[in-house]
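# Chains, contacts and geometry: an overview
Residue strings, one per chain:
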Amino acid sequence: MARLLFFGKLADAAGARQRDLPLGDAQTVGDLVSALGKQEAALGAALQEKSVRVIVNEKMAARDSAISDGDEIAFLPPVSGG
Amino acid sequence: MARLLFFGKLADAAGARQRDLPLGDAQTVGDLVSALGKQEAALGAALQEKSVRVIVNEKMAARDSAISDGDEIAFLPPVSGG
Amino acid sequence: MIRVSTDPFDPGAELSAFEKSANGAGAVVSFLGKVRGRAGEGDVKALYLEHYPGVTERSIAEIERQARKRWAIDDTLIIHRVGELKPDEPIVMVCVASAHRREAFEAADFLMDYLKTEAMFWKKEIREDGASWIEPREADYRDAARWKRDETE
Amino acid sequence: MIRVSTDPFDPGAELSAFEKSANGAGAVVSFLGKVRGRAGEGDVKALYLEHYPGVTERSIAEIERQARKRWAIDDTLIIHRVGELKPDEPIVMVCVASAHRREAFEAADFLMDYLKTEAMFWKKEIREDGASWIEPREADYRDAARWKRDETE
């Protein structure tokens, strides 16, 4: 089980700001996004956008970063502060 | 009689911030500075510096600007605000 | 100091405390951003700001570290509101104290450009006719890019 | 608003009043200059500032007019102390409100550069070892020249 966090417009796409999910066969961030896309095409497409950054356990990660049970995996759309 | 105003270091050179003075033969700012310089060489030299600006009756003036009785003639060294 | 909070803040009181604690600095530049009541698409009823607690604060600390590397800064203050904000409410404030005004101006300018494009906030605009998530404008990216250009010159 | 006065002013209170009256502006930049207790030549006991009443205020109004011509400014506040000032006392404050932060930053920066080199003030530094009239540094003239360069580009 991993904890997924969705920020900004990605929370709208996911229908929640947070989701606890069994990782199944997914070994990387990319695997996880693909698996999600199979169930929810719109969410998968939103997460696949190049502008979306991924943070695993509060550290910047890439699509091929390894993930495992207990991880906190955050998906970040382009920021807009100030 | 004209009123002369000296600002900043020029007041030190003149020994006063203000001086009321008969204009005598002086018809321009330049004449007045020359006449002052004959009595007070240091003051004359200070007023003659190119960086010194002259304001007559609150309007920017030049060395060849005409002056007459009742004028307020101000001598301004380089400014330093802020 | 970096403060991310749902609590409103008072810009005058913040500047007052900052400039007093920065005695000796000579130059203090502040930037204050307030919620605008009008956007391109109509009247704004509110903004809603989200952040990633912990990670957001560290992203700001990293921006502040970069500023301190580039300019001789005595002190900084960075405040950012999150949650729901109404028009005219202060949303962000940056103060920089330095010995010289040029350094203070540039560092504050830099901090704001980077807060707009790098700090981890997400902003939703709530209008009469609906709501939408805001992304940096082209001009914001251009502003931030000025500092990168400088680095390579 | 332009204010030249021997009275001390409170930067926090000034910013507070300014930003509230500038509601709708979105961006407020302030610059605060304080008397520094150290100069190149030693400890500064006090500054003494002179101005030419009436003429000085008009020279500032002319600088402000130029700023409004160049940038979309909602409002400005320019405060300058004269008379005797002690270290750490606020000496000058400039606030600019605008719809956009870039305009507010540039206008405040410009106003300060011109206040340093064009506004009619004369400043005497009173140190332990004597007193001397200050003139703008080479860097001040260079800073002010940036804006003239821009005009011809």
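Residue positions are counted from 1 within each chain, in the order its sequence is given. As they are written, the chains are lettered A onward and the ligands numbered 1 onward, keeping that order. Side-chain atom pairs in this predicted model are given and counted only at pLDDT of 80 or more, local residue features only at pLDDT of at least 70, and totals for whole chains, interfaces and linings cover all residues. Side-chain descriptors were evaluated using all non-hydrogen atoms of the structure, hydrogens and water having been removed beforehand.

### A word on the pattern of salt bridges
All names here are of chain D. We count it as follows: Any Lys or Arg side-chain nitrogen found within 4 Å of a carboxyl oxygen on Asp or Glu counts as a salt bridge. Only DSSP runs of H or I reaching four residues or more are called helices, and only runs of E reaching two or more are called strands; each is numbered from the N terminus. Relative accessibility decides the category of a residue: with a 1.4 Å probe and only protein chains considered, values under 20% of the type maximum give buried, values over 50% give exposed, and everything between is partly exposed.
In this structure the tally under the stated criterion is 53 salt bridges over all chains. Where Arg3 meets Glu14, a salt bridge forms, and the shortest distance between an N and an O atom there is 2.5 Å. One end of the pair, Arg3, is in strand β1 (residues 2-5); the other, Glu14, is in helix α1 (residues 11-21), with eleven residues separating them in the sequence. Of the residues examined, Arg3 reaches a relative accessible area of 30% and is grouped as partly exposed.

### Observations regarding the interface of chain C and chain D
This is how the line gets drawn: For this analysis, residues touch if any pair of their heavy atoms sits within 4.5 Å. Think of a polar contact as two N or O atoms within 3.5 Å of one another; within protein, one of them needs to be a possible hydrogen donor and the other a possible acceptor, and neighboring residues in sequence only count if both atoms come from side chains.
The interface is formed by 37 residues belonging to chain C together with 36 residues belonging to chain D. Inspection of the region where chain C meets chain D yields 14 salt bridges. Close ionic contact of D:Asp143 with C:Arg101 constitutes a salt bridge, the shortest N to O distance being 3.7 Å. Seen at the junction of chain C and chain D, the total is 19 residue pairs in polar contact (both at pLDDT 80 or more). For the side of chain C that touches chain D, the secondary structure elements donating two or more residues are α1 (11-21), β2 (27-34), α3 (101-117) and α4 (138-152) of chain C.

### Re the environment of D:Gln66
All names here are of chain D. Mapped onto the secondary structure, Gln66 falls in helix α2 (residues 55-70). Taking C-alpha positions, Gln66 is 9.0 Å from Leu111, a pair spaced 45 residues apart along the chain. With near-sequence residues (within four places) excluded, Gln66 lies in contact with Phe110 and Tyr114.

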